[in-house]
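Here are the chains, one letter per residue:
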Amino acid sequence: MKKILITSLTGIMSMSLVAQTKWSLDSCINYAIEHNLTVKARELDRMSGEYDITEAQDRFLPSLSASAGQSFNFGRGLTSENTYANRNTKNFQWGVNMSLPLFQGLSATRQLKYARINYRSLLLQIESAKDDITLNVISQYLQVLAYSEMLKNAQEQVELSDYELKRQEALAEAGKIAEIDVLQARSQLANDRQNYTDTENNLAIARLDLAQLLNLPSPENFDIEPIQTLDPVIMSPDDVYMRAMSSNNSIKSAKNDIEAAQAGVSLAKSGYLPHLSFTAGIGSSYYNISGIENPSFSRQMRDNLNKSIGFSLTVPIFDAFSTRNSVRKARIRELSAALQLENRTTTLYQEIQQAYYRATGARQKYLTGIETESIAREALDAIKGKYEMGRSTPTEFEQAKVQYQQASINRIQSHYEYILRTRILDFYGSNRRLTEQ
């Protein structure tokens, strides 16, 4: 009941947070990382890695065991006079044994080293998963902002078409234009309203995708804040790549995997080395034979007490090539890890190059789009003024409106493409998770 209550309160608080505040990019990233199931699964792997280290450390400890046994024999048996007689016997014995590994062919030391290296890999896998989530949230966040701005543009188009319809209706009532012109204006208004509805739906779906990416309990009333849209400097792909090679968690993980594979080869070679252990034990026993006088239990425990110490050496001579095969497999894993690193570095450089050229192209398109949109707006205002004075046709007005709409959409798309690609480059180059500037 306590867990259910805590879960319910957490859900209520999360829904209240969604309803009361607008989310920044940083808060979206942090929330997504905190509630992502992949990250939680990686955390469980990390916990398992901690136990692997503890298990490897425990291999240096001695083993201690105790045993006790009670047996009963009935019927005919051999006596001390080497004759047979019907006698019942009881026997009790106990013992304590200890074994201390002195040299295990370096397997314990190498296993501990391997466990620690593998644990670092698990930590880097967590960070790599967080990086992937960060990039996905940035992309979806900017998608929501882009549709939000497109919706404003669609609303402006509806207002312009509504203005045109009202003017056409006024001219039709005055008998200056035919009814067909009014119908065309109504049709254009309907088309613009449909475009507004489509854009509104696209915005709702983009917002839903972002909410689901965050694993929010509900997307209702979920809204985000705009971000600063400065004109950042675009670093060259080579500079970004050089920084990423030392800071990117995916690359770090791949390098660590090579180190782990090398430790695995060393661990496999431990099978060629001998093992030496120290053993010690203590124990005693009690016998009771029917028909004769038997010493007391305490007397026999004292008289039969025995102690032992010893050393055990095991030298591998031939293990059916088991160690040899283990070493070969470990070396194959080492080569596979090296290929994985090469693949990741190649993919990373390609991604950086794509982000760079898309960023530079989007920036140029964005700067051109600003000028084109400004000119299209001036042209629309001029046509609108002439249209109001009857010196321009509805077709000219509609063309100017469409040109302005298209210029505005192009500017919005290139703007957020530019922001996205520059932020990806900045993320690769600095590996900062909090990306608001």
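Residues numbered from 1 in each chain as written. Predicted model: local features only at pLDDT ≥ 70, side-chain atom pairs only at ≥ 80, totals over all residues. Heavy atoms only, no water.

Bringing the pattern of salt bridges into the picture now. Counting across every chain of the model gives 17 salt bridges. Here Glu156 makes a salt bridge to Arg377, at a shortest N to O gap of 2.1 Å. On the criterion of sequence distance, the pair formed by Glu156 in helix α4 (residues 107–173) and Arg377 in helix α9 (residues 322–388) is long-range, its members being 221 residues apart. We note a salt bridge from Asp162 to Lys166, for which the minimum N-O separation is 3.3 Å. With a gap of four residues between them, Asp162 and Lys166 both fall in helix α4, about one helical turn apart. Overall, the relative accessible area of 24% leaves Asp162 in the partly exposed class. When its relative accessible area of 53% is taken as the criterion, Lys166 is described as exposed. Each of Lys22, Arg207 and Asp223 takes part in a single network of salt bridges with overlapping partners. (Salt bridge = Lys/Arg side-chain N within 4 Å of Asp/Glu carboxyl O. Helix = DSSP H or I, 4+ residues; strand = E, 2+ residues; numbered from the N terminus. Buried < 20%, exposed > 50% of the residue type's maximum accessible area, 1.4 Å probe, protein only.)

Our focus in this paragraph is the packing of aromatic side chains. Under the defined criterion, the tally for this structure stands at ten aromatic pairs. Arranged with centres 6.1 Å apart and planes meeting at 40°, the rings of Phe92 and Phe297 form a pair that is tilted. Taken as a pair, Phe92 in strand β4 (residues 89–103) and Phe297 in helix α8 (residues 297–303) lie far apart in primary sequence, 205 residues in all. Given the relative accessible area of 22%, Phe92 is considered partly exposed. Of the residues examined, Phe297 reaches a relative accessible area of 41% and is grouped as partly exposed. Through a chain of ring-to-ring contacts, the aromatic side chains of Trp23, Tyr31 and Phe222 assemble into a single cluster. Over the ring of Phe321 we find Arg324; its NZ or CZ atom is 4.2 Å from the centre of that ring. The ring of Tyr163 carries the charged tip of Lys384 above its face, separated from the ring centre by 4.7 Å. (Phe/Tyr/Trp six-rings, centres within 6.5 Å; stacked < 30°, edge-to-face > 60°. Lys NZ or Arg CZ within 6 Å of the ring centre and 35° of its normal.)

The topology assignment puts Tyr147 in helix α4. In sequence terms Tyr147 and Ile205 are 58 residues apart; their C-alpha atoms lie 9.9 Å from each other. Those residues in contact with Tyr147, other than ones at most four positions away along the chain, are Thr199, Asn202, Leu203 and Ala206. (Contact = heavy atoms within 4.5 Å.)

Let us look at the layout of surface pockets. Estimated volume of the largest pocket: approximately 460 Å³. Asp132, Leu135, Leu348, Glu351 and Tyr428 are the residues nearest the centre of the largest pocket, which is lined by 23 residues in total. Those elements giving two or more residues to the lining of the largest pocket turn out to be α4, α7 (249–269), α9 and α10 (394–430). In terms of residue class, the lining of the largest pocket is made up of nine nonpolar, eight polar and six charged. The calculated volume of the second largest pocket comes to roughly 290 Å³. Lining the second largest pocket are 17 residues, with Tyr114, Ala261, Gly264, Ala330 and Arg333 positioned closest to its centre. Listing elements by their share of the lining of the second largest pocket, those giving two or more residues are α4, α7 and α9. Among the elements that take part in the lining of the second largest pocket, α9 stands out by supplying seven residues, more than any other. (1 Å grid on protein atoms, 1.4 Å probe; cavity = no way out; pocket = protein on both sides within 12 Å on 5 of 7 lines; lining within 4 Å. Points joined across faces, edges and corners; volume = space filled by probe spheres on them. Nonpolar A, V, L, I, M, F, W, Y, C, P; charged D, E, K, R; others polar.)

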